[in-house]
Amino acid sequence: MKCGVCFVSVCCLVLALGTVALAQVAYPPLLAAEAAPCPGCSVAMAAKDGNAIQAMLQSSEPADKILAYYRETLTAKGWEVALEMDMAQAKTLSFERGGATLAVAILPQENGKSVVTLGLETP
C-alpha cells in the first residue's frame, strides 16, 4: 500500500508542477544519499513534506537509459523493485527497502526531453 501512496504522490507532483517553468535548485541531501540525480539530469524542483521528499529533474536522455540507471543504482544499495509500469505517457519504477519506498517516474515531453520525478518516503 505504501508503494502506491509514494507513486501517487510522485504523480501528483508531476501533474502539479508540469506546467511550471523549470529552474535549477538544490537536490535534497537525504534523497541524494539514496538516489543521486541521473547523469545528464538537472534539478528543477524539490520539496519535503513530513517523511516524504520529492524531486523533479529534467533530462535529454532516453527514458529507458534513465530507468536502467536507477534500477542499477538502487538495487546495488539494497532496494528491491516493487512495481514497474510502462504506460504510454510515463514509465515508472517503485522500490522498497526496510519500510521505505522510493518511486521514479519518467514523462517524455514534446521537446524531446524528459521530466523525471523521484519520491522517497521513509517510515
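Residues numbered from 1 in each chain as written. Predicted model: local features only at pLDDT ≥ 70, side-chain atom pairs only at ≥ 80, totals over all residues. Heavy atoms only, no water.

J.: Hey, could you go over the confidence of the model for the protein chain for me, with residue numbers and the actual values?
T.: Per-residue pLDDT for the protein chain averages 84, and the proportion of residues at 70 or more is 80%. For the stretch residues 5-23, pLDDT sits under 50, and the model shows 32 contacts to residues farther than four places along the chain or on other chains. (pLDDT = per-residue confidence, 0-100. Contact = heavy atoms within 4.5 Å.)

J.: Tell me what's going on with the state of the cysteines, and back it up with residues and numbers.
T.: Linking two cysteines covalently through their sulfur atoms gives a disulfide. In total, this model carries 1 disulfide according to the counting rule given. Note that Cys-38 is cross-linked by a disulfide to Cys-41, the S-S spacing being 2.0 Å. Note on Cys-38: relative accessible area 3%, which makes it buried. What makes Cys-41 buried here is its relative accessible area of 16%. (Disulfide = S-S within 2.5 Å. Buried < 20%, exposed > 50% of the residue type's maximum accessible area, 1.4 Å probe, protein only.)

J.: Explain the sheet that holds strand β6 (residues 114-121) residue by residue, including any values.
T.: Working definition: the strands of a sheet are paired by backbone hydrogen bonds and lie parallel or antiparallel to each other. What the 6 strands build is an open sheet, ordered β1-β2-β6-β5-β4-β3; its pairing is antiparallel. Each of the sheet's edge strands pairs with one partner strand only, and the pair in question is β1 (41-49) and β3 (80-86). Within the sheet, the average angular offset between the axes of one strand and its neighbour, ignoring direction, is 15 degrees. Two elements, strand β5 (residues 100-108) and β6, share 8 bridges in a ladder whose sense is antiparallel. Across the sheet, Leu-102 pairs through a bridge with Leu-120, a residue of β6. Against the sheet, helix α3 (residues 63-76) touches β2 (52-59), β3, β4 (91-97), β5 and β6, its axis set at about 5 degrees to β4. (Pairing = 2+ DSSP bridges. Helix = DSSP H or I, 4+ residues; strand = E, 2+ residues; numbered from the N terminus. Axes fitted to C-alpha atoms, helices over the stretch in contact; angles between N-to-C directions.)

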